[in-house]
Amino acid sequence: MATDGTIPQKRERLLILGAAGRDFHTFNTCFRDDPNFLVVAFTAAQIPGIEQRGYPASLSGALYPEGIPIHLEAQLEGLIREQAISQVVLAYSDLPHLEIMHLASRALSCGADFRLIGPDRSSLSSSRPVISVCAVRTGCGKNSVVRRIASLLTDRGIHPVVVRHPMPYGDLSAQTVQRFAALEDCDRAHCTIEEREEYEQHIRNGVVVYAGVDYARVLAEVEKEADVILWDGGNNDWPFYRSDLEIVLLDPHRAGHELRYHPGETNFRRARVLVINKMDSAPVAAIQEIMNNIAAVNPHATVIQARSNVSVDTPELIRGRRVLLIEDGPTLTHGEMAYGAGAVAARKYGAAEIVDPKPFARGTLRETFDRYPWVGRALPAMGYSEAQLNDLAASVAAVDCDTVVIATPVDLARLIGLAKPYCRVTYDLEEIHHPDLADVVTNFLDNHGERIGRR
């Protein structure tokens, strides 16, 4: 800004590549109030339909009285040329390193700079102690770790509040700050299946969850009621808040991915505590590969070895039956897993057959299988819109099976209704030996106890 407080006549024109999460946060913290930059547009990827809206004026600030449009990422080159973009900023997660360089090459070939904003510049500080739980890939089991830590804090008389990485797929102005203390709050907010997958388990355990779009405003509200803030990361993104303890999960079912995906590798290198999850169902060679990578890249981190205990409420509905698996959507899609906890449960409890849902897929579910060909004999719990929920319900109804095995944390029957017999899969973290999360939390409280309770 000029010394007289006016906006420079020549503002650098910038485009943010995103997926309705990190992109908005990067804009809010780094560019919204900076008169030297003009964010011309966002682009959208990964999440269906989010490009059919704009970032509203109510969130964009005084420099953007008309808000900011959102376009498809496929239009990148045209936007750079037509809008005279000089900088392209990547601001979303769970991308292979090679794909990032393809995006960079597309921007560079049009003459624009390609940029990544780092954690220090884009993170907000809190007066409350912050524990973050992140991962190297989508679907490593972050939620079970957050639930375990919340329980350990609650047992010590400490009030945790979970802040979830954003999933603002609806009305952005209405989602600026969201607080979920009951399942009815999810209903009122018209939460998608993906949102419910992350919120409902905490709510059932009596833990309040915050989310939203403007995480400075979220933080101001959270600090009014939290003794400790638990950051529940999304995809493999790093936290939006400066963390006093960075816990990062690794998945031996995808050994080596901790060095091949962005920003998962960043999390891997920064972590104070590394949790190797799912060790009970992973190959020994894969676990050893992860241990070797830890020794080479982050040898000073505390390493916790854990299993993911899978259980079913009515296992007799699986034993000897032909079953349809409904798995966590993001784990199968951009998490690139062929199967999830449902497949583990089907094997554990003796299913006679796992029915392939692909021939029965309806509507947008057909597009999902085409877009993510690695998905195995499982139906991703896709529900980003009412239309997708209807397609999911129609697909389930069409499958010829004895039992529906629901391995998403959502109470799916409550949302879509199920005429077929169904059972629900749950999974919880169990540390195998010491150090465990109880040791980690005790050490954390010893170091940060003086900050707890100051409101």
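Refer to the preceding data block for the structure.
A short tour of the structure in this document, coming up.

1. Side note on the pattern of salt bridges
What the rule picks out here adds up to 26 salt bridges. Here D244 makes a salt bridge to R451, at a shortest N to O gap of 3.0 Å. Of this pair, D244 sits in the loop between β12 (228–232) and β13 (245–250) while R451 is found in the segment after α17 (437–448), placing the two residues 207 residues apart along the sequence. Between E430 and R307 there is a salt bridge; the shortest N-O distance is 3.3 Å. Residue E430 is located in strand β21 (residues 422–431), and its partner R307 is located in strand β16 (residues 302–312); the two are separated by 123 residues in the primary sequence. We classify E430 as partly exposed; its relative accessible area is 31%. For R307, a relative accessible area of 28% gives the class partly exposed. When salt bridges with common partners are traced through the structure, they connect D187, R196, E200, R204 and R414 into a single cluster.

2. Side note on the side chain of T368
Checked against the element boundaries, T368 lands in helix α14 (residues 364–371). Excluding anything up to four places from it in sequence, T368 contacts T333, P380 and M382.

3. A closer look at the pairing of β12
Counted residue by residue, β12 has five buried out of five residues, so it is predominantly covered. Here strand β8 (residues 130–135) runs beside β12; their pairing, made up of four bridges, is parallel. Paired with V130 across the bridge in β12 is I229. Sheet topology places strand β9 (residues 160–164) next to β12; five bridges connect them, and they run parallel. Considered in β12, the bridge of R164 is made with D232.

4. Quick notes on helix α15 (residues 386–398)
Counting along an α-helix, one turn takes 3.6 residues, and residues three or four places apart therefore face a common direction. With 13 residues, α15 extends 18 Å between its outermost C-alpha atoms, agreeing within 8% with the 18 Å of an ideal straight helix rising 1.5 Å per residue. Three or more residues of α15 are buried, namely Q388, L389, D391, L392, S395 and V396. Mapping the buried residues of α15 onto a view down its axis gives an arc of 160 degrees, with all of them on the same face. Away from its buried face, by an angle of more than 90 degrees, α15 presents the exposed residues E386 and A397. The secondary structure elements touched by the buried residues of α15 are α8 (193–204), β17 (322–327), α14, β19 (379–380), β20 (403–406) and α16 (412–416).

5. Considerations on empty space enclosed by the protein
The gaps left among the atoms become clear once a water-sized probe is rolled over them. For the structure shown, the criterion picks out three cavities of 30 Å³ or more. In this structure, the largest cavity encloses a volume near 670 Å³. Residue lining of the largest cavity: 49 residues in total, with T138, G139, C140, D328 and T331 positioned closest to the centre. For the lining of the largest cavity, the secondary-structure elements that each account for two or more residues are α6 (142–155), α8, β16, α12 (329–332) and α13 (341–348). In terms of residue class, the lining of the largest cavity is built from 18 nonpolar, 19 polar and twelve charged. Empty space within the second largest cavity amounts to approximately 90 Å³. Around the second largest cavity, the lining comprises 13 residues; the ones closest to its centre are R22, L90, A91, W238 and H262. By residue class, the composition of the lining of the second largest cavity is seven nonpolar, four polar and two charged.

6. Looking at unusual backbone geometry
In this model, H262 is joined to P263 through a cis peptide bond whose omega is -5 degrees. In this fold, P263 is placed in the loop between β14 (261–262) and α10 (264–270). H434 connects to P435 through a cis peptide bond whose omega is 0 degrees. Mapped onto the fold, P435 is located in the loop between β21 and α17. For A20, which is not glycine, the phi torsion reads 65 degrees and is therefore positive. Look at A20 and you get buried, because its relative accessible area is 3%. Although it is not a glycine, D94 sits at a positive phi angle of roughly 65 degrees. Structurally, D94 is set in the loop between β5 (87–90) and β6 (95–96). Since its relative accessible area comes to 3%, D94 is described here as buried.

7. A look at the environment of L90
You can see L90 is positioned in strand β5. Overall, the relative accessible area of 5% leaves L90 in the buried class. Expressed as a C-alpha distance, the spacing of L90 and R22, which sit 68 residues apart in the sequence, is 9.2 Å. With residues near it in sequence (within four places) discarded, L90 still touches L17, L95, I100, L103, F114, R115, L116 and H262.

Cut-offs used in this document
Residues numbered from 1 in each chain as written. Predicted model: local features only at pLDDT ≥ 70, side-chain atom pairs only at ≥ 80, totals over all residues. Heavy atoms only, no water. Salt bridge = Lys/Arg side-chain N within 4 Å of Asp/Glu carboxyl O. Helix = DSSP H or I, 4+ residues; strand = E, 2+ residues; numbered from the N terminus. Buried < 20%, exposed > 50% of the residue type's maximum accessible area, 1.4 Å probe, protein only. Contact = heavy atoms within 4.5 Å. Pairing = 2+ DSSP bridges. Expected span 1.5 Å × (residues − 1). Arc of directions from axis to C-beta. 1 Å grid on protein atoms, 1.4 Å probe; cavity = no way out; pocket = protein on both sides within 12 Å on 5 of 7 lines; lining within 4 Å. Points joined across faces, edges and corners; volume = space filled by probe spheres on them. Nonpolar A, V, L, I, M, F, W, Y, C, P; charged D, E, K, R; others polar.

As far as function goes, none of this settles anything; it's purely spatial.
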